Amino acid sequence: MFAYEFMRNAYAAAGIVAVVAAMVGYFLVLRGQTFAGHALSHVGFSGATGAALIGLAPLQGMLVAALAGGVCIGMLGEKLAQRDVAIGIALSFSLGLGLLFLHFYTSHATQATALLFGNVLAVSAHMVHVLLGLGLACLAGLALISRPLLFASLQPELAQAKGVSLRLYASLFMAVAALATVLSTQVVGVLLVFSLMVGPPAAAQRLTHRVGTGLALSAALALGSAWLGIALAYWTDWPCSFWITALSCAAYLAATMRRRPAH
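Because the structure is a prediction, the values reported are computed rather than measured.

## Examining the overall build of the chain
If you tally the helices and strands in the chain, you get 12 helices and 0 strands. When its helices and strands are written in sequence order, the chain yields α-α-α-α-α-α-α-α-α-α-α-α. Looking at the chain as a whole, 51% of its 263 residues are labelled buried. Pairs at least 24 residues apart make up 78% of the contacts formed inside the chain by residues separated by at least 6 positions.

And the structure:
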């Protein structure tokens, strides 16, 4: 299996994306913003198709659109209901915009399908390096804001009283989440981002209260789902995205059946 370069590239790309998505996804689940990751993937899809329409690289368009969408979502409203409305509007409009761009971009249907469902087996060595750079930037950004972000997530009123800007850190975090979402779409596609960004982190939070342990467990579950999913795809000739999604869901279901420890 590892004799093929495309398989080595697939494992490297999936490993990078899985770790980054799991780390960022842990905070998305903790903050109750899992819907935001899904919305950002749709915003990125419209940016990718728009960039391709004018002759630019889809990844560039996806990055710009997702980052802009993430910052806007972070700045719009602090209440959960307000965030849900903002996210829902952004999701529906961006998906419609992406479909409009696809209407004029019919000559590259295969590339559009890869954006929607992912194609990790087609990742090149150059793309692996790009994903590594973006992944390191994403983790560095998360590390810089992790302490005040955790404070603002668990005790927002106290954090605000202590001078922590909830809106600032919400915007910064959503920018980091946008980067992680763009990375995830390279493996599982726009429509299946939840499989890496929500499944493993949600399972980890079912199993432990400790943040450090939860982050490590989330990364391990995501990495296992991604790598085992690729192996199963190689052996069965079924899509990688299906196996990764199925394993992620299985991990969450298994975690829900186990009683979480008291400490």
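## A closer look at the side chain of S218
Mapping S218 onto the fold places it in helix α11 (residues 211–236). Owing to a relative accessible area of 0%, S218 belongs among the buried residues under this scheme.

## Brief notes about α11
When the terminal C-alpha atoms of α11 are compared, their 36 Å separation across 26 residues agrees well with the 38 Å that a helix rising 1.5 Å per residue should span. For α11, every residue scored as buried is listed here: G214, L215, S218, A219, A222, S225, A226, G229, I230, A231, L232 and A233. Once α11 finishes, D237 follows within two positions and takes phi at roughly 65°, a positive value.

## Overview of the environment of T181
By secondary structure assignment, the location of T181 is in helix α8 (residues 166–188). Of the residues examined, T181 reaches a relative accessible area of 1% and is grouped as buried. The spacing of T181 and L67 is 114 residues in sequence and 9.7 Å in space, taken between C-alpha atoms. Setting aside residues no more than four positions away along its own chain, T181 makes contact with G37, L40, S41, V193 and M197.

## A few points about unusual backbone geometry
Phi angles above zero are rare outside glycine, and D237 is one such case at about 65°. Mapped onto the elements, D237 comes out in the loop between α11 and α12 (240–256).

## A closer look at the packing of helix α1 (residues 5–30) against helix α6 (residues 125–154)
It is the contact of α1 with α6, at a shortest axis distance of 9 Å, that shows an interaxial angle of 15°. The pairing of α1 with α6 is recorded here as roughly parallel in orientation. Crossing handedness for the pair α1 and α6: left-handed.

Analysis parameters
Residues numbered from 1 in each chain as written. Predicted model: local features only at pLDDT ≥ 70, side-chain atom pairs only at ≥ 80, totals over all residues. Heavy atoms only, no water. Helix = DSSP H or I, 4+ residues; strand = E, 2+ residues; numbered from the N terminus. Buried < 20%, exposed > 50% of the residue type's maximum accessible area, 1.4 Å probe, protein only. Contact = heavy atoms within 4.5 Å. Expected span 1.5 Å × (residues − 1). Axes fitted to C-alpha atoms, helices over the stretch in contact; angles between N-to-C directions. Parallel < 35°, antiparallel > 145°, perpendicular 65-115°, else oblique. Left-handed = near helix turned anticlockwise from the far one by under 90°.

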